[in-house]
Amino acid sequence: RKLSFKMIDIVSDLHKINPNDIGLGNFGKPEGFVLRQLNGWEDRWRKSSFTKIEETRFDKLINHLRLNVPVPQAATILHNDYKLDNIMWSKFDATIPVAVFDWDMCTRGDPLMDIGHMLNYWIEESDNENCKKITSMPIKSLMYPSRKEIVNYYSEKTGFNINDIDWYYAFGAFKLAVILQQIFIRFLRGQTTDQRFANFRNRIEALIYRANNVYEF
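Just so you know, these numbers come straight off a predicted model, no measurement behind them. (Residues numbered from 1 in each chain as written. Predicted model: local features only at pLDDT ≥ 70, side-chain atom pairs only at ≥ 80, totals over all residues. Heavy atoms only, no water.)

1. What to know about the packing of aromatic side chains
Counted by the stated rule, this structure contains twelve aromatic pairs. Both rings, one in Phe5 and one in Tyr153, keep their centres 4.9 Å apart while their planes meet at 70 degrees; by these two values the pair is edge-to-face. Here Tyr153 lies in helix α7 (residues 147-158) and Phe5 lies in helix α1 (residues 2-16), a separation of 148 residues in the sequence. Relative to Phe160, the ring of Tyr154 lies with its centre 6.3 Å away and its plane at 35 degrees, an arrangement referred to as tilted. Through pairs of rings, three or more aromatic residues link up here, namely Trp45, Phe58, Trp167, Tyr168, Phe171 and Phe174. The ring of Phe200 has Arg203 sitting right over it, with the charged end atom 5.0 Å from the ring centre. (Phe/Tyr/Trp six-rings, centres within 6.5 Å; stacked < 30°, edge-to-face > 60°. Helix = DSSP H or I, 4+ residues; strand = E, 2+ residues; numbered from the N terminus. Lys NZ or Arg CZ within 6 Å of the ring centre and 35° of its normal.)

2. Let's talk about the pattern of salt bridges
Pairing between side chains of opposite charge can happen when their charged atoms approach one another. The full count for this structure, using the stated rule, is 15 salt bridges. When the shortest N-O distance is used, the salt bridge between Glu42 and Arg46 registers 3.0 Å. With Glu42 and Arg46 both in helix α2 (residues 33-48) and four residues apart, the pair spans about one turn of that helix. Given the relative accessible area of 15%, Glu42 is considered buried. The salt bridge partner of Asp59 is Arg46, with a shortest N-O separation of 2.8 Å. (Salt bridge = Lys/Arg side-chain N within 4 Å of Asp/Glu carboxyl O. Buried < 20%, exposed > 50% of the residue type's maximum accessible area, 1.4 Å probe, protein only.)

3. Notes on a nonpolar patch on the surface
A surface patch of nonpolar side chains, amounting to about 260 Å² of accessible area, comprises Met88, Val98 and Phe101. The exposure class of Val98 is exposed, given its relative accessible area of 52%. (Patch = residues over 30% accessible without salt bridge, like charges linked within 9 Å, V, L, I, M, F, W, Y side chains within 5 Å. Areas by Shrake-Rupley, 256 points an atom, 1.4 Å probe, with all protein chains shown as cover.)

4. Looking at unusual backbone geometry
You will see that Asn80, though not glycine, has its phi angle at about 85 degrees, which is positive. Inspection of the secondary structure assignment puts Asn80 in the loop between β1 (76-78) and β2 (87-89).

5. Considering the environment of Asp110
Mapped onto the elements, Asp110 comes out in the loop between β4 (107-109) and α5 (112-119). With a relative accessible area of 2%, Asp110 lands in the buried category. In the structure, Asp110 is positioned 80 residues away from Pro30 in sequence and 7.4 Å away in space, judged by C-alpha atoms. Dropping the residues within four chain positions of it, Asp110 is found in contact with Phe33, Val34, Pro72, Ala74, Leu78 and Tyr168. Polar side-chain contacts of Asp110 include one of 3.0 Å to the backbone nitrogen of Leu112. (Contact = heavy atoms within 4.5 Å. Polar contact = N/O pair within 3.5 Å; in protein donor to acceptor, adjacent residues only side chain to side chain.)

6. Examining the nonpolar core
Ranked by size, the top nonpolar core spans 55 residues in total, and within it Met7, Phe58, Met113, Ile115, Phe171 and Phe174 carry the most contacts. With 14 residues, the top contributor of residues to this core is helix α8 (residues 165-188). (Core = buried A, V, L, I, M, F, W, Y, C linked by side-chain atoms within 4.5 Å.)

7. Focus: the packing of α1 against α7
α7 packs onto α1 with a crossing angle of 35 degrees between their chain directions and a minimal axis gap of 9 Å. α1 and α7 meet at a crossing whose hand is right-handed. Residue-level contacts link Phe5, Ile8, Asp9, Val11, Ser12, His15 and Lys16 of α1 to Glu149, Ile150, Tyr153, Tyr154, Lys157 and Thr158 of α7. Among the residues forming the contact of α1 with α7, the class breakdown is six nonpolar, three polar and four charged. (Axes fitted to C-alpha atoms, helices over the stretch in contact; angles between N-to-C directions. Left-handed = near helix turned anticlockwise from the far one by under 90°. Nonpolar A, V, L, I, M, F, W, Y, C, P; charged D, E, K, R; others polar.)

8. Concerning empty space enclosed by the protein
Scanning the model with the defined rule gives one cavity of 30 Å³ or more in all. The space that makes up the largest cavity amounts to roughly 50 Å³. As for the largest cavity, its lining consists of Gln37, Asn80, Met113, Gly116, His117, Tyr168, Phe171, Gly172 and Lys175. Of all elements in the fold, only α5 and α8 reach the threshold of two or more residues within the lining of the largest cavity. With four residues, α8 is the largest single contributor of residues to the lining of the largest cavity. In terms of residue class, the lining of the largest cavity is built from three nonpolar, five polar and one charged. (1 Å grid on protein atoms, 1.4 Å probe; cavity = no way out; pocket = protein on both sides within 12 Å on 5 of 7 lines; lining within 4 Å. Points joined across faces, edges and corners; volume = space filled by probe spheres on them.)

9. Concerning α5
Most of α5 is tucked away, with eight of its eight residues classed as buried. Looking at α5, one finds that the buried residues are Leu112, Met113, Asp114, Ile115, Gly116, His117, Met118 and Leu119. The inward-facing, buried residues of α5 contact α1, α2, β1, α7, α8 and α9 (200-213).

Structural data, given as structure tokens:
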């Protein structure tokens, strides 16, 4: 639990940095960032779908997300792939962070995009077997706080309103499904033979179910 809250401390501190104070005031294109992300990942989903029927599996969700795009509360520095396995922890104390990795997608935009993405890698005790297929966190002897706890803690740390967190959570599940789908279709086409990708279909199905189930589609 201590490590989990430390994760939120790290991303909260990142989101509270004023980009202008560190010479990043012109970094990225925060205006319209969320809608561009939605449009871009929808396009990637359609291009990586196997059949026309599969292509339509997110249609209701995408339409709902597009009609209800939240107004960003700030344009902060985003990591854009923030999760447990992108953090290095001290070998002397596993709750002390040493570094955060994988900054290649860093930009400025809506800070809750980082949180929605992270929530889809999170695991909690009440999660079913499908959730365990998605997470990148250790699943033995679960002691993590719930998603609700960490979202509330993040809001306390940053002052950001979390009323629309379901939108970011659903989008995060959709985005992660597309990422895996793009890899899986390459495996099916024989463009990669890495057997780690052979079971991606189950993970994609779990994410499709999660994303659509947020709004009961």
